[in-house]
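Commentary on secondary and tertiary structure
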Amino acid sequence: MDEGALRELLAGVRAGELHPDDAVRELRRLPFADLGFARVDHHRRLRSSLGEVVYGPGKEPEQCAEIVAELLAGGPGPVVLTRSDAEQAATALAMNPGGRRQGSTVVWRSGPARDASVVIASAGTADGPVATECETVLAAHGVLARRLNDVGVAGLHRLLGDVEALQAADAVVVVAGMEGALPSVVGGLTGAPVVAVPTSTGYGAALEGVTALLSMLASCAAGVTVVGIDNGFGAAAAVLRMLDGSGAAS
């Protein structure tokens, strides 16, 4: 249930097109539906413009499928299952046909295209899965991002060929492991908001992403936003909040 759906529901009652009892049945799902093992938050889209997302790890495949079904029944808008394994994705798709899987993310009912220019720059091929998670979540909400793959600082000339795209973007997501230097470089090339995602890619002293995380937090490029290690979803959510706050078309 989002603000538009709620207004439509109330307008239907006011116009006599919807019986009040039917409206009450719909509103019973607000603010949440209790499935016993989970309380599904149907009110979240009204509060924050982004609906609840299903996080796969730790859940049984059937639980993932039931939560997805409840979110789909609860009103319009995209439904997203993240970090799913093969069995979770297959079970959720079998119970809820029409979803699309990309990597470990499954999306049902993607939103309409938005007039927003977002670039996702990933340092190396090994960072690709995290960048894909970000890309898929953005696409679920109507934002079709441009990917710049394998543009890490060890071969900086690969990035410099796309400076115009960085400067024209409404927001840039930078995904990097190892020493995590790429966000500082990008932050010095564009005035767009930059969201940095450290990844767990790297050799011993990379400390499974901790080195990249600390490097990004200490960036000399002012105003770089940093999310958690391997958190492509969090980067997408940050960008969507920025776009919504800027009044970008939706």
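The helix and strand inventory of the protein chain stands at 11 helices and 11 strands. Scaling as 2.2 N^0.38, a compact globule of 250 residues should have a C-alpha radius of gyration of about 18 Å, and the protein chain matches this with 20 Å. In terms of overall dimensions, the protein chain has a C-alpha envelope of 65 × 40 × 30 Å along the principal axes. Within the protein chain, contacts between residues at least 6 apart in sequence are counted, and of these 65% link residues at least 24 apart. Approximately 11,900 Å² of the protein chain is accessible, and the part contributed by carbon and sulfur atoms is 54%.

To continue, consider the sheet that holds strand E10 (residues 194-198). Where strands meet in a sheet, backbone hydrogen bonds hold them as pairs that are either parallel or antiparallel. Strand order across the open sheet formed by five strands is E8-E7-E9-E10-E11, with parallel pairing between neighbours. In this open sheet, the two strands that pair with only one neighbour each are strand E8 (146-148) and strand E11 (225-226). With respect to the sheet, helix H10 (residues 210-217) is in contact with strand E9 (171-176), E10 and E11, its orientation differing from that of E10 by roughly 155°.

So, about unusual backbone geometry. At arginine 83, a residue that is not glycine, the phi angle is positive and equals roughly 55°. Following the sequence through the fold, arginine 83 ends up in the loop between strand E4 (79-82) and helix H5 (86-95). Judged by its relative accessible area of 30%, arginine 83 is partly exposed.

Taken across its five residues, E10 has five buried, putting it largely inside the fold. Where burial is concerned, the two faces of E10 agree: the one with Val194, Ala196 and Pro198 and the one with Val195 and Val197 are both buried. As defined by bridge partners, E9 adjoins E10 across five bridges and the pair is classed as parallel. In the sheet register, valine 172 faces E10, and the bridge partner there is valine 194. Since E9 and E10 lie parallel, the crossover through helix H9 (residues 182-187) that links them has a hand, and here it is right-handed. In this view, the connection linking E10 to its parallel neighbour E11 by way of H10 has right-handed handedness.

Cut-offs used in this document
- Residues numbered from 1 in each chain as written.
- Predicted model: local features only at pLDDT ≥ 70, side-chain atom pairs only at ≥ 80, totals over all residues.
- Heavy atoms only, no water.
- Helix = DSSP H or I, 4+ residues; strand = E, 2+ residues; numbered from the N terminus.
- Rg over C-alpha atoms; globule rule 2.2 N^0.38 Å.
- Contact = heavy atoms within 4.5 Å.
- Areas by Shrake-Rupley, 256 points an atom, 1.4 Å probe, with all protein chains shown as cover.
- Pairing = 2+ DSSP bridges.
- Axes fitted to C-alpha atoms, helices over the stretch in contact; angles between N-to-C directions.
- Buried < 20%, exposed > 50% of the residue type's maximum accessible area, 1.4 Å probe, protein only.
- Right-handed = clockwise from strand over helix to strand, strands pointing away.

Any link to function would need more than the numbers given here.
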